[in-house]
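Read off the chains here:
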Amino acid sequence: FLRFRGAFPQFGDGIHVVIDGRTPELADHAQSWLTGQLRTEPELFERVWTPGSGPFYDRNVLLFLDRRSLEALNEHAEYIGPWLRRLERSPDLPGLVTAIDSAITEGDTVALAPIMNLVGRTLTEQGRGWRGGISWQEVLQGRPATPAERRRHIVVMPVYDYALALPSGPAMDRLADLRERLPVQYGSAQVRLTGAAAIKHESISAAMDGALRALAM
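In this convention, every chain numbers its residues from 1, walking through the sequence in written order. The model is predicted, so local features are restricted to residues of pLDDT at least 70 and side-chain atom pairs to those at 80 or more, both for listing and for counting; the totals for chains, interfaces and linings are taken over all residues. Working from all heavy atoms in the structure, the side-chain values ignore hydrogens and water.

The next subject is the sheet that holds strand 4 (residues 190-194). Reading across from one edge, 2-3-1-4 is the order of the 4 strands in this open sheet, with antiparallel pairing throughout. This sheet does not close on itself; its edge strands, each paired only once, are strand 2 (45-49) and strand 4. Strand-to-strand twist of the sheet, defined as the mean angle between neighbouring strand axes without regard to direction, takes the value 20 degrees. Strands qualify as paired when DSSP identifies two bridges or more between them. For helices the rule is a DSSP run of H or I covering at least 4 residues; for strands it is a run of E covering at least 2, with both sets numbered from the N terminus onward. Here strand 1 (residues 15-20) pairs with strand 3 (residues 151-158) via 6 bridges, running antiparallel. Looking at strand 3, one finds that Ile15 is bridged to Val156. In what follows, residue pairs with any heavy atoms lying within 4.5 Å of each other are defined as contacts. Simply put, an axis is a line fit to the C-alpha atoms, just over the touching stretch for a helix, and the angle between two N-to-C directions goes from 0 to 180 degrees. On the sheet, helix 8 (residues 169-180) packs against strand 1, strand 2, strand 3 and strand 4 and is oriented at approximately 170 degrees with respect to strand 4. The strands touched by helix 9 (residues 196-216) within the sheet are strand 1, strand 3 and strand 4, with strand 4 carrying the most contacts at an inclination of about 80 degrees.

Written out as C-alpha cells, the structure reads:
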C-alpha cells in the first residue's frame, strides 16, 4: 500500500480493494464484477480505477514483463504451440481430450506434462467442491501462477459525508456488502479493504466502540 501511495498520490485518500483469486482468470472476473457494481453507484463512489487492466493493458501486457519472463513465456509457447493449435480448433472438453490423445499418440508427452499437471490439480480441487476451471494463463506459462499473478486491485475514491461520525461509512458498508455477495463462480476470491480511507474508518470506528464500552462500565 505504501509503495502504491507513493507512486499514485492522487489516490492516497482512497479505498484500496485487493482481490486474491484461485487463478488469474477468476481474479479478473471478480475484479470486473466488483468494478461494474461500484460504477453504478456514483452517489457512494466518486471514482473507480482498476490499475493494471483495461484495453491498453490488455493489448500491450507483454510490454510489462521483464526480459527473463518474456523469454520463458516465448520458449514455452513455442514448445506447446502444436498442442494449442489443436485445441484452438475445438476449444471445449472434447477438444481438450482429443488434443491430449493426439499428443500421447505422437509421443509428445514432455510438452504435455505441465499441462496435465495443471489439469490434474484442477480436477482434484473440483472433487473437493471448488467451482472453477483450468487456467489457460497457467497453461501458456507452463507453471502455476504466483500469488502476485493471481492478485487484482481496485482503487475507489469514496464520497465523504462529513455530517456523519464516519464520513466514509456508507461506502465502506457497501463494499463490505458487495464482498459478501461476490458470485460463487468466481472461486471464493478473497477480497480485502485497505488504503488510507479504510484505515481511518477502522481507526475511528474502533475508538468509538472503545468509548462506548468505557461509558457502559
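Right, let's get into the nonpolar core. Grouping buried Ala, Val, Leu, Ile, Met, Phe, Trp, Tyr and Cys residues that are joined through side-chain atoms within 4.5 Å yields what is termed a nonpolar core. The cut-offs for exposure are 20% and 50% of the maximum accessible area for each residue type, with area from a 1.4 Å probe on protein chains only; residues under the lower value are buried, those over the upper are exposed, and the others partly exposed. Ile15, Ile19, Leu34, Leu38, Phe45, Ile154 and Leu182 are the most contacted members of the largest nonpolar core, which totals 22 residues. In this structure, Leu34 is in contact with Ile19, Ile154, Leu178, Leu182 and Val191, ignoring residues within four places of it in sequence. Counting 11 residues, the second-largest nonpolar core is a separate cluster that includes Trp83, Leu96, Ala99 and Ile100.

Before going further, it helps to spend a moment on the packing of aromatic side chains. When two rings of Phe, Tyr or Trp (its six-membered ring) have centres within 6.5 Å they constitute a pair, described as stacked for plane angles under 30 degrees, edge-to-face for angles over 60, and tilted for the intermediate range. According to the stated counting rule, one finds 1 aromatic pair in the structure shown. For the pair Tyr160 and Tyr162, a centre-to-centre distance of 5.8 Å together with 20 degrees between the ring planes defines the contact as stacked. By relative accessible area, which is 29% here, Tyr160 ends up partly exposed. Of the residues examined, Tyr162 reaches a relative accessible area of 66% and is grouped as exposed.

The term salt bridge refers to a side-chain nitrogen of Lys or Arg lying within 4 Å of a carboxyl oxygen of Asp or Glu. Under the criterion given, the structure shown has 6 salt bridges. In this structure, Arg152 and Asp28 form a salt bridge, with 2.5 Å as the shortest nitrogen-oxygen distance. Pair noted here: Arg152 is in strand 3 and Asp28 is in helix 2 (residues 24-38), with a separation of 124 residues, a long-range link. Its salt-bridge partner being Asp177, residue Arg181 comes within 3.8 Å of it at the nearest N-O pair. Here the residues in one salt-bridge network are Glu41, Arg174, Asp177 and Arg181, joined through shared partners.

Right, let's talk about the environment of Ala171 for a bit. Note on placement: Ala171 falls in helix 8. Along the backbone, Ala171 and Glu41 are 130 residues apart, and their C-alpha atoms lie at a distance of 9.6 Å. When neighbours within four sequence positions are excluded, Ala171 is seen to be in contact with Ile15, Leu44, Phe45 and Pro158.

The element strand 1 is largely enclosed, with a buried count of 6 among its 6 residues. Judged by which residues are buried, strand 1 turns out to be covered on both faces: Ile15, Val17 and Ile19 on one side and His16, Val18 and Asp20 on the other are all buried. In terms of strand pairing, strand 1 meets strand 4 through 5 bridges, oriented antiparallel. Directly across from His16, in strand 4, lies its bridge partner Thr194.

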